[in-house]
Amino acid sequence: MIGKDIKKAIEILNKEQLVAIPTETVYGLGGNALSSKAVAEIFKVKNRPSFDPLIIHTDSLEKVEKYVKSIPEKAMLLAREFMPGSLTLLLPKEDIVPDLVTSGSPLVAVRLPHHPMTLELLSNLDFPLAAPSANPFGYISPTSAQHVDNQLGKKIPYILDGGSCEVGLESTIIGFEGEEAIVYRKGGLAVEAIEAVIGSVKVLNHSTSNPKAPGQLKSHYAPQTPFQIGNPNELFNEHKGKKIGVISFSKEYEQVPAENQVVLSALGDFSEAARNLFAGMRHLDSLNLDLIIAELLPEKDLGRAINDRLKRAAA
Ligand code: TXA
Ligand code: MG
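What counts, and at which threshold
- Residues numbered from 1 in each chain as written.
- Chains lettered and ligands numbered in written order.
- Predicted model: local features only at pLDDT ≥ 70, side-chain atom pairs only at ≥ 80, totals over all residues.
- Heavy atoms only, no water.
- Helix = DSSP H or I, 4+ residues; strand = E, 2+ residues; numbered from the N terminus.
- Buried < 20%, exposed > 50% of the residue type's maximum accessible area, 1.4 Å probe, protein only.
- Lys, Arg positive; Asp, Glu negative; His and termini not counted.
- Salt bridge = Lys/Arg side-chain N within 4 Å of Asp/Glu carboxyl O.
- Contact = heavy atoms within 4.5 Å.
- Pairing = 2+ DSSP bridges.
- Axes fitted to C-alpha atoms, helices over the stretch in contact; angles between N-to-C directions.
- Domains from an automatic or database assignment.
- Buried area = accessible area lost by both parts, 1.4 Å probe.
- Polar contact = N/O pair within 3.5 Å; in protein donor to acceptor, adjacent residues only side chain to side chain.
- Phe/Tyr/Trp six-rings, centres within 6.5 Å; stacked < 30°, edge-to-face > 60°.

Novice: Pulling in residues and values, what's your account of the side chain of Arg282?
Specialist: Looking at where Arg282 falls in the secondary structure, it is placed in helix H10 (residues 270–285). The side chain of Arg282 sits in the buried core without any salt bridge; Asp285 is the nearest counter-charge, 7.8 Å away. When sequence neighbours within four positions are dropped, the list of residues in contact with Arg282 reads Asn135, Tyr139, Ile140, Ser141, Pro142, His147 and Gln151.

Next comes the structure, spelled out in structure tokens:
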């Protein structure tokens, strides 16, 4: 069931059941992070392997301090600047956070989502919410309540509808090794914005295996339709006779019917492109096409995270 009733969401969560929650990045599948029953249910509903840990969500930095042993200086600078926001910090966990949440890692991923309904919800809970993106494992993340309902509606009691996600890409995940800050997942907060606050950071590119952030799994965010990245004009020639869809940054291609095209931002705006990406991928995936072709964006700003998602969709 979809609705806007925060009280109802609180009641369900207090019973160790799940509620899908809106955030500015993507919708999350939320449950009491301190309850092994609720956390186990999250893994089950998402069909997620237990080696892939969950982010915990709360509404204030004071509460974060209850769940982590320490916060390095660079993390604190970032927290002050970008929380609430599209940033997830990997920090040493306190014992109160179950091993199930972190898949046995001594680090816990923490985030303060920037969405008024979810912040109000979190401020009324005595526990943080563990919340992965509210999609079946491996599929495209949901950016509307309807996306969640389409795939998980029958498996969860409630979806809190907070409208379309304003950022549209999952949070940027950053961890710390000694003095060094490492971006494990490019996301809705641009690396340039992070570097403006703490200086240069190391950015990991997607790889097949990466024990620190399994979200770096190469094939992820993938539609059902075959998906290829490249120069559309060249690929059209290669795939003549096929029903083709196109995802482009700002321009239309006349070789393909307009209804099979998603232009992410006619003005070439990275934030608008990010906001439209996952809904566009889902839309084209629903058209029964033979192939979706996507062009990469300039490798800067949110273009870097968008390209990361496109590459993983194609892997
Ligand atoms: O924007 C977001 O981050 C959304 C919203 C709902 O907050 N959540 C999200 O969660 O994208 P999920 O589970 O789909 O992706 C979280 C990623 C996973 O790839 C996971 O491997 C990584 O974060 N992660 C979580 N806890 C971790 C930990 N303790 N150490 C390393 N990586 C971790
Ligand atoms: Mg996910």
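Once you've had a look at it, read on.
Novice: Explain the sheet that holds strand E6 (residues 107–111) to me, using residue names and the numbers behind them.
Specialist: Taken in spatial order, the eleven strands of this open sheet run E1-E8-E2-E3-E7-E4-E6-E5-E9-E10-E11, and their pairing is mixed. Each having just a single partner strand, strand E1 (2–3) and strand E11 (202–203) make up the two edges of the open sheet. On top of the sheet, helix H1 (residues 6–14) reaches strand E2 (19–21), strand E3 (28–32), strand E7 (129–130) and strand E8 (158–160); it is set at about 135° to E8, its chief contact.

Novice: Pulling in residues and values, what's your account of the domain arrangement of the chain?
Specialist: Taken as a whole, the chain is organised into domain 1 (2–203) and domain 2 (227–314). On a C-alpha basis, the centres of domain 1 and domain 2 stand 28 Å from each other. Listed per partner, the contact involves 24 residues of domain 1 and 18 residues of domain 2. Taken together, both faces of the contact between domain 1 and domain 2 bury some 1600 Å²; the carbon and sulfur share is 55%. The largest per-residue losses of area from domain 1 upon contact with domain 2 belong to Ile140, Leu169 and Lys186, which jointly make up 37% of the total buried on that side. At the boundary of domain 1 with domain 2, the tally comes to one salt bridge. Between Arg309 and Glu170 there is a salt bridge, with its nearest N and O atoms 2.8 Å apart. Taken together, domain 1 and domain 2 are joined by seven residue pairs in polar contact (both at pLDDT 80 or more). Elements with a contribution of two residues or more to the side of domain 1 that touches domain 2: helix H7 (145–152) and helix H8 (191–198).

Novice: Mind laying out the pairing of E6, listing which residues take part and the relevant values?
Specialist: Counting buried positions along E6 gives four out of five residues, so the element sits mostly inside the fold. Taken together, the three bridges between strand E4 (residues 55–57) and E6 define a ladder with parallel strand orientation. Residue Ile56 lies in a different strand from E6, and its bridge partner there is Val110. Pairing geometry for strand E5 (residues 87–92) and E6, over four bridges, is antiparallel. The residue of E6 that forms the bridge with Leu90 is Ala109.

Novice: Break down the packing of aromatic side chains for me, with residues and values.
Specialist: According to the stated counting rule, one finds two aromatic pairs in the structure shown. Geometrically, the ring pair formed by Phe236 and Tyr253 is edge-to-face, given 5.8 Å between the ring centres and 75° between the ring planes. Of this pair, Phe236 sits in helix H9 (residues 232–238) while Tyr253 is found in the loop between strand E13 (244–248) and strand E14 (261–263), placing the two residues 17 residues apart along the sequence. Taking the relative accessible area as the measure of exposure, Phe236 reaches 8% and is therefore buried. When its relative accessible area of 6% is taken as the criterion, Tyr253 is described as buried. Judged by centre distance (5.4 Å) and plane angle (25°), the rings of Phe249 and Phe270 are stacked. A residue pair is termed long-range when its members are at least 10 positions apart, and Phe249 in the loop between E13 and E14 and Phe270 in helix H10 qualify at 21 residues. Accessibility classification places Phe249 together with Phe270 in one group, the buried group.

Novice: With reference to specific residues and values, describe the sheet that holds E13.
Specialist: A sheet is described by the order of its strands in space; here four strands give the open sequence E12-E15-E13-E14, paired in parallel fashion. Every other strand in the sheet has two partners, leaving strand E12 (227–229) and E14 as the edge strands with one partner each. The mean inter-strand angle of the sheet, taken between neighbouring strand axes irrespective of direction, is 15°. Sheet topology places E12 next to strand E15 (residues 291–294); three bridges connect them, and they run parallel.

Novice: Before we move on, can you summarise unusual backbone geometry with the specific residues and values?
Specialist: At the junction of Met83 and Pro84, the peptide bond is cis and its omega measures out at 0° in the coordinates. Positionally, Pro84 belongs in the loop between helix H4 (73–82) and E5. A positive phi is found at Glu16, a non-glycine position, where the angle reads about 65°. Judged by its relative accessible area of 32%, Glu16 is partly exposed. Backbone geometry at Asp301 places phi at a positive 55°, although glycine is not the residue there. Examined against the element boundaries, Asp301 turns out to sit in the loop between E15 and helix H11 (303–314). Look at Asp301 and you get partly exposed, because its relative accessible area is 33%.

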